[in-house]
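# Examining the three-dimensional arrangement
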Amino acid sequence: MILAKADIGNATLYHGDCLKILPTLGHIDAVIADPPYGINLGKISGTGRNRWNEGTNYGFDIVGDDRDFDPAPWLAFEKVVLFGGNHFGSRLPDASCWLVWDKRDGGTSDSCADCEMAWTNLKGPARLFSQKWRGMVRSGEENVSRGAIRLHPAQKPVAMLAWAIEQCKLPRGAVIFDPYMGSASLGIAALRGGYRYIGIDIERRWFDVACTRLKQEVAQGQLFTPEPAAPEQVGLFQEVA
Ligand SMILES: C[S@@+](CC[C@H](N)C(=O)[O-])C[C@H]1O[C@@H](n2cnc3c(N)ncnc32)[C@H](O)[C@@H]1O
C-alpha cells in the first residue's frame, strides 16, 4: 500500500513497503539497493560507531535489520546492484562484477569493516572505489562531519553511489529504482547524472528526510541550470554540391 507519494523533479518517492509497491511501478532499468543487511546494527555494542551514535537523536535501528535479507525479488531485473551482498552471499548467484567500496582508504583498520561489498549481475571484473567513511571522518562532498546532522544511520556517500551508477552503463534518462532509499543518497547521485529515480522507504521519517533532501537538490540544480542553448541550425554550413 502506498502511504504517501511525492514527485520531485525527475524523482518519485514513496512511503511504504517496497515489495508491496513494486507491482504498481512501471518500467525499471536498474535496481540499485542498499537494503537492511540483516546484521542488527543497532544492537552491536562497544564499537566506536555506537559511541558516536550516542550523540545523535536516532539509533542504528533499521527496519528489517533484525532478520535475514532475502534478495530473491530483485534478482530477475536486468541490472542489479545489491549493497551488503557479503552478508547474504549464500542466497546470491555466482558473480564476477562485485563492487567494492574501500571505506578505509589507507587508514588503520578498526572494529568497523574496511570495505562494503555490493553484489551485481553486471558483466565484467570486480571494481574498487576508495572513499574514506569512518564514523565521523567522512571524505568527499557529503563529508562534512556534521555530527548529529547526519541524515541517516546507514547513509552512503553520493560520490560512491554515482560511481556505482556508472558501472551500470545506463543511457541518460534511464529509470533507477532504489527500494530501500533511506535519505535518498542514491537519488541525489541519480538526478545529478541525468537519470530518473524511484525511491521507497518503509519509515515515514526517512521518506520525509528524502523529500526534503531531493527538493533542496532540485532547487539548487535550477539555480545553476544554464540558459537553454539556441536551436541547432541544421544545414547552415552544408557544402553545396
Ligand atoms: C541501509 S538503509 C539505506 C540508507 C541509504 N542508502 C542512505 O544513504 O541513506 C535501508 C533502508 O531501508 C528501509 N526499509 C527496510 N525495509 C523496507 C521495506 N520493506 N520497504 C522499503 N524500505 C525499507 C529502512 O527504513 C532503511 O531506511
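Residues numbered from 1 in each chain as written. Predicted model: local features only at pLDDT ≥ 70, side-chain atom pairs only at ≥ 80, totals over all residues. Heavy atoms only, no water.

## Some thoughts on the environment of Ala11
Structurally, Ala11 can be placed in strand 2 (residues 11-15). Residues Ala11 and Arg196, 185 residues apart in the sequence, show an inter-C-alpha distance of 5.8 Å. Residue contacts for Ala11: discarding those within four places in its chain leaves Ala6, Leu191, Arg196, Tyr197 and Leu214. (Helix = DSSP H or I, 4+ residues; strand = E, 2+ residues; numbered from the N terminus. Contact = heavy atoms within 4.5 Å.)

## Focus on the site of the ligand
If you check the shell around the ligand, you find 23 residues, and the closest are Asp34, His152, Ser183, Ser185 and Asp201. Backbone polar atom of Cys18 to a nitrogen atom of the ligand: 2.9 Å apart, as the coordinates give it. About the coverage of the ligand: the protein hides 95% of its 610 Å² of free accessible area. (Near = heavy atom within 4 Å. Polar contact = N/O pair within 3.5 Å; in protein donor to acceptor, adjacent residues only side chain to side chain. Areas by Shrake-Rupley, 256 points an atom, 1.4 Å probe, with all protein chains shown as cover.)

## A look at the pattern of salt bridges
Going through the model one piece at a time under the given rule, you end up with eight salt bridges. The residue Arg192 makes a salt bridge to Glu217 at a minimum N-O spacing of 2.9 Å. With Arg192 in helix 4 (residues 185-192) and Glu217 in helix 5 (residues 204-224), this residue pair connects regions lying 25 residues apart in the sequence. For Glu217, a relative accessible area of 13% puts it in the buried group. Its salt-bridge partner being Arg205, residue Glu203 comes within 3.0 Å of it at the nearest N-O pair. Among the residues examined, Arg205 registers a relative accessible area of 36% and is labelled partly exposed. Residues participating in the shared-partner salt-bridge network are Asp34, Lys103, Glu116 and Lys156. (Salt bridge = Lys/Arg side-chain N within 4 Å of Asp/Glu carboxyl O. Buried < 20%, exposed > 50% of the residue type's maximum accessible area, 1.4 Å probe, protein only.)

## Considering the sheet that holds strand 5 (residues 99-102)
The nine strands lie next to each other as 1-2-11-10-3-4-6-5-7, forming an open sheet whose pairing is mixed. With one partner strand each, in any of the chains shown, strand 1 (4-8) and strand 7 (127-130) form the two edges of the open sheet. The sheet shows a mean angle of 15° between the axes of neighbouring strands, direction not considered. Pairing geometry for strand 3 (residues 30-33) and strand 10 (residues 175-178), over two bridges, is parallel. In the sheet register, Val31 faces strand 10, and the bridge partner there is Phe177. Most of the contacts of helix 4 go to strand 11 (residues 196-201), to which it runs at about 170°, and overall it touches strand 2, strand 3, strand 10 and strand 11. (Pairing = 2+ DSSP bridges. Axes fitted to C-alpha atoms, helices over the stretch in contact; angles between N-to-C directions.)

## A word on the pairing of strand 6 (residues 115-120)
Two elements, strand 4 (residues 80-83) and strand 6, share three bridges in a ladder whose sense is antiparallel. Looking at strand 6, one finds that Phe83 is bridged to Ala118. Relative to strand 6, strand 5 runs antiparallel, the two sharing four bridges. Residue pairing across strands places Val100 opposite Met117, the latter belonging to strand 6.

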